[in-house]
Amino acid sequence: MIAVDRWTGEEALLLRSVKRQSVRAFAEDLGISPRTVSHWRENKDRECRPSMAQILDAALAQCTPDEQEAFRFRLAALRGDSIGAAGIEDAQPAPCTVVSHKFLPVYLGERLGSLYEAGAPRPSGPGGLEQRVLPGGHRTAHSSTIHVYACGIALVLLEEHQRVDSLTELAVWRYRSYLTDRAWVGQRMTHLLGQYNPGGTAVDPSPDPEYVLSAYELRDHSWTRAGLDTALQLLTTPSVLVNRQNPQSITPLGTGVEDAKFRDGWAHPEAVAFDGGASRGVAGWSGVAYHPQPDERALTTSQIVSLELDVQALWALSSHVLHMIEEGKDPVMPAEYGWRFLRGAYVRLTTARPTETAQHRVMREAILATSELPDRLRAAQDALRDSIQ
């Protein structure tokens, strides 16, 4: 029999995750209001009253042996206690905390000049691109910045913190938020272009980003190695957890899908894993997931973000060139940002530096391989070179 000496909102939510119940179903089982469960999510560290602790004790006692064992395992992981061999469980969905970094690039070309002049200087990243920064002004994000590149790209970076009961819940939030985020970026860029353009010329149409790329830092969780590897894979390629047939109404595929992925140790065939010293990460087509450990040898999430900023800026720039070709136009770029500029960026991103650690190298190679940016840069270089011959 498991004894919980101190029930807080965190332990109560842990019990709900083990029972795999909705907020309403869990509240009905306990005989309490769903508002109380929601209150636990907002006050995870607050200790429950004795009467509520008794209710939770009774609910835990009524759990199946498998549910009790899962609760014991996750509770020990939550508190940092050691777990004996008998406590080993099959990997399964569990609550976690992630920091989401969204990259939303927009090609503005010559229209970007006024924004670039207004931005604060920022050191160049791994791609050696000149950039400046403006405040993003997003109302709900933990932080938001606009990285303005001299080559004609504006890239909005949104940092958001999410605590979820499952990765399916996170995947639904991710895709639903993409629609509103892209629309917000278009409106924000339109506003800024009008604000910093001396003539006040309106921008038409709204410069919405073509896509969003996400990088996730996985923080608090209760997975062991096998579960952690699956979680990182699902964070990188969350499309396997949701129905995206109607982009306006993203829906989860069901808890059974995520259960099966964890049980089978699922991995996307095109995702590339990389190590960061004591930490682990996965890079895929639509994003990156990383779980840092407190080890001075490990990569930092800021290093991944710095690389992705330049990678996504160059992806948007090369895509602009290739789109012109698809539309039957000769690609034309300012001389300083022509094929030689792309060639230089390609070399800087794909060549290892003497001071680069092995962990940084494998991370860089994984992100470049899954993004296919080197191929696009070469194609854009060839197109620009051909257009001046």
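What you are looking at is a predicted structure, and each value in this text was computed from that prediction instead of being measured.

**Observations concerning the pairing of strand S10 (residues 279-283)**
Then, number 1: The buried fraction of S10 amounts to 5 of the 5 residues, a majority that puts the element mostly inside the structure.
Then, number 2: Burial along S10 is two-sided: Ser279, Gly281 and Ala283 and Arg280 and Val282, pointing in opposite directions, are all buried.
Then, number 3: In this structure, S10 lies alongside strand S11 (residues 287-291), joined through 4 bridges in antiparallel fashion. In the strand pairing of S11, Val282 is matched with Ala289.

**Remarks on the side chain of Ser279**
Then, number 1: Within the element layout of this structure, Ser279 appears in strand S10.
Then, number 2: Under the relative-accessibility criterion, Ser279 is labelled buried at 1%.
Then, number 3: A polar contact is formed between the side chain of Ser279 and the backbone oxygen of His291, at a distance of 3.5 Å.
Then, number 4: The contacts of Ser279, once residues within four sequence positions are left out, are Tyr290, His291, Pro292, Gln293 and Ala298.

**Description of the packing of helix H1 (residues 9-19) against helix H2 (residues 23-30)**
When two helices pack together, their arrangement is given by the angle between their axes and by how far apart the axes lie.
Then, number 1: At their nearest, the axes of H1 and H2 sit 11 Å apart, and the two run at 110° to each other. When the interaxial angle is binned, H1 and H2 end up roughly perpendicular. Here H1 contributes Ala12, Leu15, Arg16 and Lys19 to the contact with H2, which in turn contributes Val23, Phe26 and Asp29.
Then, number 2: Taken together, the residues that form the contact of H1 with H2 break down as 4 nonpolar, no polar and 3 charged.

**Structural notes on the nonpolar core**
Then, number 1: Core analysis: the largest hydrophobic core is formed by 46 residues, its most contacted members being Leu167, Trp223 and Leu235.
Then, number 2: For this core, the secondary structure elements donating two or more residues are strand S1 (96-107), helix H6 (113-118), strand S4 (143-149), strand S5 (153-164), helix H7 (167-196), strand S6 (213-218) and helix H8 (225-236).
Then, number 3: With 11 residues, H7 is the single largest residue contributor to this core.
Then, number 4: The contact partners of Leu167, leaving out residues within four places of it in the chain, are Cys96, Trp223, Ala231, Leu234, Leu235, Leu241, Glu258 and Phe262.

**Brief notes about the pattern of salt bridges**
Then, number 1: What the rule picks out here adds up to 13 salt bridges.
Then, number 2: Between Glu47 and Arg6 there is a salt bridge, and its shortest N-O distance comes to 3.4 Å. Linking Glu47 in the loop between helix H3 (34-42) and helix H4 (50-61) with Arg6 in the segment before H1, this pair joins segments that are 41 residues apart in sequence.
Then, number 3: For Glu47, a relative accessible area of 47% puts it in the partly exposed group.
Then, number 4: The class for Arg6 is partly exposed, based on a relative accessible area of 39%.
Then, number 5: For the salt bridge of Asp165 with Arg16, the shortest nitrogen-to-oxygen distance reads 2.4 Å. Taken together, the positions of Asp165 in the loop between S5 and H7 and Arg16 in helix H1 put the pair 149 residues apart, joining distant regions of the chain.

**Looking at the confidence of the model for the protein chain**
Then, number 1: For the protein chain, the mean per-residue pLDDT works out to 87, and 92% of the residues sit at or above 70.
Then, number 2: At the low end of the mean pLDDT range in the protein chain sits helix H5 (residues 65-79), at 74; at the high end sits S4, at 97.
Then, number 3: Low pLDDT, under 50, characterises residues 82-89; the stretch is placed with 12 contacts to residues that sit more than four places away or in other chains.

Rules of the game
Positions within a chain are numbered from 1, following the residues in the order the chain's sequence is written. In view of the model being predicted, local features appear only for residues whose pLDDT reaches at least 70, and side-chain atom pairs are presented and counted only at 80 or more, with totals across whole chains, interfaces and linings using the full set of residues. With hydrogens and water set aside, each side-chain value is computed from the structure's full complement of heavy atoms. Three labels apply to residues, based on accessible area from a 1.4 Å probe with only protein chains included: buried if under 20% of the type maximum, exposed if over 50%, partly exposed otherwise in between. Put simply, DSSP H or I for four residues or longer makes a helix, DSSP E for two residues or longer makes a strand, and each gets a number counted from the N terminus. Any two strands with at least two DSSP bridges between them are considered paired. Think of a polar contact as two N or O atoms within 3.5 Å of one another; within protein, one of them needs to be a possible hydrogen donor and the other a possible acceptor, and neighboring residues in sequence only count if both atoms come from side chains. Should any heavy atoms of two residues lie within 4.5 Å, those residues are considered in contact. Between the N-to-C directions of two axes lies an angle of 0 to 180 degrees, each axis being a line fitted to C-alpha atoms and, for a helix, fitted only over the stretch in contact. What sets the label is the angle itself: under 35 degrees gives roughly parallel, over 145 gives roughly antiparallel, 65 to 115 gives roughly perpendicular, and the rest give oblique. Asp, Glu, Lys and Arg are counted as charged, while Ala, Val, Leu, Ile, Met, Phe, Trp, Tyr, Cys and Pro are counted as nonpolar; the rest, among them Gly, fall into the polar class. Definition of nonpolar core: a set of buried residues of the types Ala, Val, Leu, Ile, Met, Phe, Trp, Tyr and Cys, connected through side-chain atoms within 4.5 Å. Whenever Lys or Arg places a side-chain nitrogen within 4 Å of a carboxyl oxygen from Asp or Glu, that contact is recorded as a salt bridge. In predicted models, pLDDT denotes the confidence assigned by the predictor to each residue on a 0 to 100 scale.

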